[in-house]
Amino acid sequence: MVVHSKEEKKEQVQQQEQNLDPENPEAESSRFFCGSFCSALSRLFSLTCLIFLVLSVATLLSAIFWLFPRRSLPRHHADDIVHLNASVQACFRLHKPASELISHKGKLEMDIFSSIHLRNNTKVTVLSLHQSDASNFTDVKFGVLPVPTNHTLRKDSLTSLRSSFVNLFAQRSTLNLTTSALGKPTSFQVLKFPGGITVDPLGLEPVSGLLELMFSFTLDFSLSAIQDKVDLLKTQLELVLDLELFESFRVVLTNHKGSTISPPVTVRGCVFSTMTTMESHIQQRFDNHLAQLPAKNFGLDNSIFGEVKNVTFTAYPEGKVLDSDSVLVTTNVNFLT
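Everything numeric in this text was worked out from a predicted model, so none of it was measured.

Observations concerning the confidence of the model for the protein chain
When the pLDDT values of the protein chain are averaged, the result is 76; 64% of them are 70 or greater. Segment residues 20–28 is flagged for pLDDT under 50; beyond a separation of four residues in sequence, or across chains, it makes 3 contacts in the model. In the model, residues 328–337 has pLDDT below 50 throughout and makes 27 contacts with residues more than four positions away in sequence or in other chains.

Rendered as structure tokens:
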């Protein structure tokens, strides 16, 4: 019995050594299979747990937001009929939370009215006060309406109002608000104005000489966007026009929708000359240079200004008398007459 027990132990040891023998391919294959299977199974269970955890957290968060909805920020919004009746609309930003401005809405309307020099047959109505998330800035949208509201704004009121809006947009003037209660206004934009908005980006400087050329083209930009590129636009136009020492030019920008934030922009320009006899000079320039400009994007950098469209020219070989006060009117209304 003892001998038999020793032999059994010897066989067991040999069997274990055989299983551990690296030269034994069957044992090695068995271990590899078992190890791979266990590893794959472990990864599968880990991935399943991870997906289950993510879905559980997402469900929990959704339930929390559903049970406890986020408190909405205070805002003001006028009736839709008031929005529709306001043919003139503009906006700006105040560094104040909407909750503080709502209680001062009447004061805000009075300050705007005084700042843009309105007449007694008009009034200012705040159309909306909207505060952006996680900020103390409030976007103020207001409209100018006739009094009574079933009338239309008078032409002289629109002329005065358009001038005020252009100066505010070009930052040549500011809204005089009670800053202690309302904050400081910034980012003035025109949203809607009947008859369009025309901006003279370089200022209404005196014009002297005879008008020899007028040109026009459109860019797929808003007035607000092109305002930041106006110096570059002026520089490139000067190179394109190849001005002589006795020549100068003016440029104005128009949005026919009456908005400073919506494209497109019509660029209109005038070239003036102090020479009295220049007929051959103008005709030669037009034939040799300006006539090819439409095919060359009017000489403007396409990567900055995009594609130039609807290019037109009107030449005045004998010159045309045009004073400073009529430049904006001519380029805005009677450009091709």
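More follows now that the structure is in view.
A short note on the environment of Val 267
Positionally, Val 267 belongs in strand 9 (residues 265–273). Sequence separation of Val 267 and Asn 255 is 12 residues, and the distance between their C-alpha atoms is 9.2 Å. When near neighbours in sequence (up to four residues on either side) are disregarded, Val 267 contacts Phe 215, Ser 216, Phe 217, Leu 219, Val 251, Val 252 and Leu 253.

Let's talk about helix 6 (residues 155–169)
For helix 6, which comprises 15 residues, the first-to-last C-alpha distance of 21 Å matches the rise-based estimate of 21 Å (1.5 Å per residue) to within 8%. Among all positions in helix 6, only Ser 157, Leu 158, Leu 161, Ser 164, Phe 165, Val 166, Leu 168 and Phe 169 are buried. Those residues of helix 6 that are buried lie in contact with strand 2 (88–94), strand 3 (122–131), strand 4 (138–146), strand 5 (185–192), strand 6 (197–199) and helix 8 (223–227). A positive backbone phi angle near 60° is found at Gln 171, which sits one or two residues after helix 6.

Focus: helix 9 (residues 230–241)
For helix 9, built from 12 residues, the straight-helix expectation of 16 Å at 1.5 Å per residue is met to within 8% by its first-to-last C-alpha distance of 16 Å. For helix 9, the complete set of buried residues consists of Val 230, Leu 233, Gln 236, Leu 237, Val 240 and Leu 241. Buried residues of helix 9, viewed axially, fall in a sector of 130°; they line one side. Facing away from the buried side of helix 9, by more than 90 degrees, are the exposed residues Asp 231 and Leu 239. The first or second residue beyond helix 9 is Asp 242, which carries a positive phi of 50°.

Focus on the pairing of strand 7 (residues 210–219)
The buried count for strand 7 comes to 9 of 10 residues, which makes it a mostly enclosed element. Judged from the 9 bridges that link them, strand 7 and strand 9 form a sheet pairing that is antiparallel. Considered in strand 9, the bridge of Leu 211 is made with Phe 272.

Remarks on the sheet that holds strand 4
Reading across the sheet, the 5 strands line up as 1-3-4-2-5 and stay open at both edges, with antiparallel pairing between neighbours. With partners counted over all chains shown, the strands left at the sheet margins are strand 1 (76–77) and strand 5, one partner each. Pairing between strand 2 and strand 5: 5 bridges, direction antiparallel. Note that in strand 5 the partner of Cys 91 across the bridge is Gln 189. Its contacts with the sheet place helix 5 (residues 105–115) against strand 1, strand 2, strand 3 and strand 4, and it is angled at close to 125° to strand 3.

Cut-off values and rules
Residues numbered from 1 in each chain as written. Predicted model: local features only at pLDDT ≥ 70, side-chain atom pairs only at ≥ 80, totals over all residues. Heavy atoms only, no water. pLDDT = per-residue confidence, 0-100. Contact = heavy atoms within 4.5 Å. Helix = DSSP H or I, 4+ residues; strand = E, 2+ residues; numbered from the N terminus. Expected span 1.5 Å × (residues − 1). Buried < 20%, exposed > 50% of the residue type's maximum accessible area, 1.4 Å probe, protein only. Arc of directions from axis to C-beta. Pairing = 2+ DSSP bridges. Axes fitted to C-alpha atoms, helices over the stretch in contact; angles between N-to-C directions.

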